[in-house]
Structure formats: structure tokens, C-alpha cells
Amino acid sequence: MRWLVVFLALSLLLIWRYGDRIAAYDLESASQEPVITLPQHPGELVAGRTVEQELDWSRLKPWALDRYGENTLCIAPFFAAYGNRPNRGSLDVTISTPDRSAQARLDMSAPRDNRFYPVCFDALSLEEVAGQNAVLTIRGVDGLLGSSVTTWLTSAHGGLPARVDGASAEHGLVYDVKVQVGNPRERWGAWVLVGLTALILTALARAVVQRGKP
Amino acid sequence: MDLNRSAFWVAAGFALMALYLAFFVTPPGDIPDESGHFSYARDIARGDFFPLLGEATMAPDLWGRPREYWSTEPRDNWIAQHPPLYYLIAAGPLAVGELFSETHPVVYRLPRIASALSLGALIFVLYRLFSVAGVKPQRALLLAASTGFVPMVMQLASGTNNDIFLFLLSALASYYWVRFLQDQQIRHAYLFALWVTLAGATKMTAWVFMAPMVAILLFEMRRPPWAWLGHAVGVTAVALSFPILWMSRNLLHFGAPFYVYAEGAPSQQIQDYGFLQFMREQPVLDSIFAHFYGLFGFSGYCQTPELAQYCDGIRMTRLGDFPYHAFTDIMALVVLAYLVFLAMVFLRLRRAAGNQTSAATAGDGLPRSVQMHLQALLARPVVVNGLFVFGLLVGLGASLALYQNNFSRPGMAGSTQNLMMSVAPLAALLAGIGVLLSGAVRERLALYGAVLFFFFGSVLLYQVYAGYLDAGWLRGVQGRYFYPVLPLMLLALGLALERLRVPTLLWLLVTGVLALAFLDAFVTQVIPFYLSVRI
């Protein structure tokens, strides 16, 4: 019985450590990884501040539309969360093309420092917007100075600079285009690995503490 | 539950994990050269038991590709250069599967069963090897399990590839080799020879391991001269039986006993490129070490036949971050412990020198071995001191030269790694001197591992260097090539830690860190890599 408890405790510990990571297998990147050079950020995205970026479809992987065209579109900006302090408030993230737009709300406590954090648009698939003149807008809804996140900008986006609070910036937004694909096989695979690792470790711990005969 | 049973269940856990990865996670084709290994196994499953290098081709329908996407030109299967034993076994599940379907996606994964089960058997055999040699059984189990927590070992066990099976056969050969050194029962010598020839029937790298193993066994054999000679011939003949058959076949077909696949004609033969310059400028040891821990991917990214036009070459990634750093640091500490152990051995040998109660003169009724004669001759304080100083100076010089001339990546892992690898000549030389002087079998077992490892590594290094001069690019820098000598190297480290009285709980903690690193590697690097490159 006590070894069952050890196994469960170990499993819970590993689930706590890797749960988010495994859940993120749901998303796959449809674009080449962005290059970040001379990074800058526009300051905290408090209420009313905006960052706009025209999406650069030339960065899509060549097979992205064939493989992921019908999948839900997500955009993952690269956030600065100020050392993961407890940020609060929310951001509205909008994608607009000439004939459609979709919006999602992001809780600012979620993004981690210097990490991509995806925002998914359930109403849009990749093929519905890819290749079109699409603008991503990130707008502060109710964030306060000292507890809001911001996004990183990079100089490596020649030709497509961002607009910050309506004014043209020298740098472009760092973002990744992702799609929701599910990947249940890989998620299950990771969970099974977690379970079996916990099981083997439990068996080893049991073997170590028992006074068995060789 | 006794420890053998615990070891069995732990081994079964590893086999189960490898089976799960084989059937549900590792993409088909994402094990090094899996397309060739699979094609070889399938040739056998379909009745062609000895496909010939140069004639054998890759299966055109790999991984269930529909006929309209089959490659039009047959591709050479260079994997046919390997001896056939692993493929004979891997062909079994495939032949059974093909009775039901030749194209079902699961069929292409069936030969992987052989590798996955080999991993389970390997963990158990390693546990038996370590415990029979003198590592406390609990710690022996932890050491054996740590091997399974090397991501590359698990990766290879989840694919169609001969390395884990070779590792298993080498562990079995090492087990009987150790038993013979301990009890001098001649059947153990022949069982060693049998397993080692089977290892030689699996991969030619085992031939390199076989030579010093047989030599040491004869060096340690305690028989009257004529019996010694008879068994020397007998054991050598059994050990060499398969390699000789394979060499004869190579001679018959290709005119060279060691014939292997040549990757095109030598493209740019390099002149005036010294060995030290080669070591300084090329990431040789760095790659071997990094690839030992984890080099993932191959051609498995190409999974959608309709998008095959985007498939070009291979996609691979090395493990990094926490898992790699944790492994490097743990290995560095273990190597440091081994150096401390060597110092303790020499202190003991100095004290024991001249004391004629050592095992060399113990009256157990058996004649002396060559080792014992030498030991009796050398076990004098002045000789021990002289040999120790000689080993220390020459070994330190060689290690320093290696350290200064070894390519090293900047950063902590690179420096730790460089230091750790650079002590190999020093450790091997001192260990080599130690086996001449030590009267305790268990102590010699802890020394032979370093000697064998260094010998094997030197041969590999020479091959890599010669290959570089020939082809102009670095090849063969795979840590998995060390699997044949790993059982005895691990045993040496285990016995050293045993001698240093490292507490079992610390072993458990280290195994726990390796397990966490292993899981971290798969969850945060390997599976995301599969997803990020998949077409």
C-alpha cells in the first residue's frame, strides 16, 4: 500500500512538473522559428496601449498550408513578463483581414518571461487568413503599470515593422504562427512515459529499502 | 520479494517503455539508418537470409508508403555490411506479422520488438553482472537501471537497430568473462567465447572488443601449460568462429576480409593534417559524448507521402539543457571518484608490496596464471613505486596533451566534458599498471574496465581520424559504438564506488536525477522535436 502511495506521489510530482508542457503538444508551429536580434520592447501593455503587426506569411513552412490548412490558427507572441512577477489584467488579441476578423482575450498572468505564449482563434483556420493582408493587434484592456506584460520586438523583420500606439516602430513583433492539431498520440506517449518512469523509480526505491536476498 | 525478482520487474518496466515508444511514439525511420536495418530484416523474413552488400536494396514501400509514391530507383542497402544475427531475430516478429498483412502500418514496427525486449534483458543481465562481481545487489540494480535512463539507449531500443542487441550480447559475454576470472571454471570461459562470437555475429565493432577480452582471459587463466595452451586455442577458436566465417564471406565476395560499405569514392583526401590538429579543430570527443547521451531523429520526419517533395535529407537534434548538463556533471563526479579509487588502489598496493600473503601465492591448488607470475615478479615496493610514478607522469602528460588539444565547446558542459574525457589516458595507464600488480580479482575487475574502454576508444578514434583523412568529413562519432565495452566500464565504476563506500541512498538519488533528466529529455526535447520537424 505504501508503495502505491509513493508511486502516486511521484506521478503527481511529475504531472505537476510536465503537465503544461505535454498539454502544449496540442499546438504545432506552422512557421519558421523567428530570428531575434537586437530585441526591444515597447514597455508594459497597460490599458489602452496597442501593438499592431502585419503578419508575414513568407515565414510559413512550405508545407504548412497542405498539412495544416484546416486547423485552427493561433499566434504566439514572444512575451516579457518581468521575471515572472504576478502580472494581472488582460489583453485583447485580434486578427483582422479585409473580410474577416477574430478576437481572443488573454489573461496576463499566463505568459512566462521570454517565452512564446499562444492565443488561438477558434473561428479562424490557417487557410482562411494565410496569404492575405492580415494584421495582428494586441491591446491592453485593464492592465496597470507594474503588473502588465509586454511583447518583444526584433530588428530581424525587414520590411514589416510593428506599430506601437499607432506610431510606426523600427522593429517588428516577435511571434510564431501555430495551429491546433491535437496530437493525442504524442500526448498519450508522454503521459505513459511519465507513468512508467514513476513506476520504475518506485520499484527501484522499493528494492533499495527492502532487505531482500540477491 | 527478493532482489532478483525486483530486478526482473524493473527490467520489464524498461522493456515495456521501449515497446510503447516503438509502437506509439518513435516515428518509423527515426532511428539511425532504420530504413536499412528494416530492409535487411525484411529480406530475411522473406527468405533471403544473407543479403549481399552491393546487391541488397532498401525496401521501396518504406513505412507503408502507397505504391504511387515508391521511389523509382532502387537504393543500395549499406546496412547489409553487418553480420546477420540481429536481423535473423528481428525478422521473426516481422515474418509472423506479414502472414496477416504486408502493408499495415504496424507491420513496419514489428522488428522493433527485438530491440525493446533486448533492453529489458540487458538491464537484468547488467544487474546480474554487477552483483556477481561484487557490487551490492541494491546498488547493482540502480547502476543497471541508470543505463536504461540514458535517452539514446531507450531511443535505440525503440527502433529497428542492432546496437541494443549487441549491448546485451556484450553484457552476457562480460558476465561469463567475470565469472571465469572469479572461479576459473573452464565452462565459463567457453560460455564467454560463445556469447562474444554471437556479439561478433551481430556487429563488427564487437571484434575489436573481443581481442583484448580473449587476451585478458588467457592472461588470467590458471591451468598447467599444456591445458592452458589447449584452452587458449579452444576459447580463441570459439570466440573467432563467427568473425572468421564472416571474414571468409567478405573475402569470397569482395576480396577483403574487413570489407564495409564505402560511402562513395574518397572525395577529398586530406594531406598534412596531424592527429593533434584534428583533435583540436574537429568536435570528435565532444560529438561522441553528446551523441552517446542523445542524438535523435533521422528520416522519420517525412510522414506524409503526398508532401514527399518537401523531404530532403535527415533531421536530427542533440539533447541539451538540463538533461545533458545533469548527465555530464554526474559522469564527471563518477570519473573523479574513479581517480580517487585508483589512488586508493596504489596506496594499498604499496602497503601490500612484498607481503607474500596476496592471492598470487594463495594455496588454492590451481597453477598460477600469467598475471600471477607477473604480479609475483613485480610486487616489490621499489617496483610498485617506480611503476606508479611512471604511470602518473606519462599518464598526466598524455592527459594534459589531450586536454589542451581537445576541441571543447564553450560553456560549463564543454569544460566539464573536456576535463572528464582528458583523464582517460591517465586512468587507463594507472589501471593497466594496477592489473599487473594487484592480487585481488575484484580489484582487477575494477581496473580492466578502464583499460578495455581506453583500448576500444583509441581504436575508434584512429578509425575516425583515418575516415576523416579519407573523406574530408567527420563520421563515425557515435557514442553507441562503445556499447560492447560499456558493461565492463560500468562494472569498473560500480566497483570503484563500492570501494569508496558511497551510500546506497546517494546512488538512488543519482539514479533519480538521471530518471528525471531522461523524462525531461523526452517530454521537453524529443517529442517536441518530432512534432516540429514532421512533414
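Note that the structure is predicted; figures quoted are calculated from it, not measured.

What follows deals with the overall build of chain A. Summing up its helical and strand segments, chain A has four helices and 14 strands in all. Its C-alpha atoms give chain A a radius of gyration of 21 Å, clearly above 17 Å, the size a compact globule of 214 residues would have. Taken over 214 residues, chain A has a buried fraction of 51%. In chain A, the proportion of contacts linking residues at least 24 apart, taken out of those at least 6 apart, comes to 83%.

Residues and elements named next belong to chain B. With their axes 10 Å apart at the nearest point, helix H12 (residues 284-293) and helix H13 (residues 321-352) run at an angle of 110° to one another. If you check the angle between H12 and H13, you find them roughly perpendicular. Classified by chirality, the crossing of H13 by H12 is right-handed. Contact residues: H12 offers Phe289, Ala290, Phe292 and Tyr293, while H13 offers Pro323, Tyr324, Phe327, Thr328 and Met331. Classifying every residue of the contact of H12 with H13 by side-chain character gives eight nonpolar, one polar and no charged.

Quick look at the environment of glycine 320 of chain B now. Residue and element names in this part refer to chain B. With respect to the helices, strands and loops of the structure, glycine 320 is situated in the loop between strand S2 (315-318) and H13. Under the relative-accessibility criterion, glycine 320 is labelled buried at 19%. Note: C-alpha distance between glycine 320 and alanine 521 (201 residues apart in sequence) is 8.1 Å.

This paragraph deals with the interface of chain B and chain A. Taken together, the contact pairs 46 residues of chain B with 36 residues of chain A. The junction of chain B with chain A conceals about 3,700 Å² of combined surface from both sides, 70% of it contributed by carbon and sulfur atoms. When the buried area of chain B at its contact with chain A is split by residue, Leu519, Leu531 and Arg534 of chain B rank highest and sum to 17% of it. Residues arginine 534 of chain B and glutamate 28 of chain A are paired through a salt bridge, measuring 2.7 Å at the closest nitrogen-oxygen approach. At the surface where chain B touches chain A, the tally comes to eight residue pairs in polar contact (both at pLDDT 80 or more). For the side of chain B that touches chain A, the secondary structure elements donating two or more residues are helix H1 (3-25), helix H5 (137-148) and helix H20 (504-533) of chain B. The greatest single-element share of the side of chain B that touches chain A, amounting to 17 residues, is contributed by H20 of chain B. Taken together, the residues of the side of chain B that touches chain A break down into 32 nonpolar, 10 polar and four charged.

What follows concerns H12 of chain B. In terms of burial, H12 of chain B is a largely internal element, 10 of the 10 residues being buried. Turning to H12 of chain B, its buried residues are Val284, Leu285, Asp286, Ser287, Ile288, Phe289, Ala290, His291, Phe292 and Tyr293 of chain B.

Attention now goes to the environment of aspartate 26 of chain A. Residue and element names in this part refer to chain A. Residue position: aspartate 26 is located in the loop between helix H1 (2-23) and strand S1 (27-29). Placed 116 residues apart in sequence, aspartate 26 and aspartate 142 show a C-alpha to C-alpha distance of 29 Å. Not counting residues up to four positions away in its chain, the partners in contact with aspartate 26 are Val179, Gln180, Val181, Gly182 and Arg187.

For the rest of this paragraph, the subject is the confidence of the model for chain B. Of the residues in chain B, 96% reach a pLDDT of 70 or more, and the chain-wide mean stands at 89. The complex prediction reports pTM at 0.90, with the ipTM value standing at 0.89.

The next thing to look at is the side chain of threonine 511 of chain B. Note that threonine 511 of chain B resides in helix H20. Those residues in contact with threonine 511 of chain B that lie beyond four places of it in its chain are Leu201 and Leu204 of chain A together with Leu142, Ser146 and Phe149 of chain B.

Bringing the packing of aromatic side chains into the picture now. All chains considered together, the criterion is met by 37 aromatic pairs over all chains. Ring centres of phenylalanine 254 of chain B and tyrosine 259 of chain B lie 4.3 Å apart, and the angle between their planes is 15°; on these two criteria the pair is classed as stacked. Overall, the relative accessible area of 24% leaves phenylalanine 254 of chain B in the partly exposed class. Classification of tyrosine 259 of chain B as partly exposed rests on a relative accessible area of 33%. Clustering of aromatic rings is evident, with ring pairs tying together Phe167, Phe289, Phe292, Tyr293, Tyr324, Phe327 and Tyr483 of chain B. A cation over a ring is seen here: arginine 17 of chain A above phenylalanine 322 of chain B, with NZ or CZ 5.9 Å from the ring centre. If you follow arginine 315 of chain B out to its NZ or CZ, it ends over the ring of tyrosine 301 of chain B, 4.4 Å from the centre.

The rules we used
Residues numbered from 1 in each chain as written. Chains lettered and ligands numbered in written order. Predicted model: local features only at pLDDT ≥ 70, side-chain atom pairs only at ≥ 80, totals over all residues. Heavy atoms only, no water. Helix = DSSP H or I, 4+ residues; strand = E, 2+ residues; numbered from the N terminus. Rg over C-alpha atoms; globule rule 2.2 N^0.38 Å. Buried < 20%, exposed > 50% of the residue type's maximum accessible area, 1.4 Å probe, protein only. Contact = heavy atoms within 4.5 Å. Axes fitted to C-alpha atoms, helices over the stretch in contact; angles between N-to-C directions. Parallel < 35°, antiparallel > 145°, perpendicular 65-115°, else oblique. Left-handed = near helix turned anticlockwise from the far one by under 90°. Nonpolar A, V, L, I, M, F, W, Y, C, P; charged D, E, K, R; others polar. Buried area = accessible area lost by both parts, 1.4 Å probe. Salt bridge = Lys/Arg side-chain N within 4 Å of Asp/Glu carboxyl O. Polar contact = N/O pair within 3.5 Å; in protein donor to acceptor, adjacent residues only side chain to side chain. pLDDT = per-residue confidence, 0-100. Phe/Tyr/Trp six-rings, centres within 6.5 Å; stacked < 30°, edge-to-face > 60°. Lys NZ or Arg CZ within 6 Å of the ring centre and 35° of its normal.

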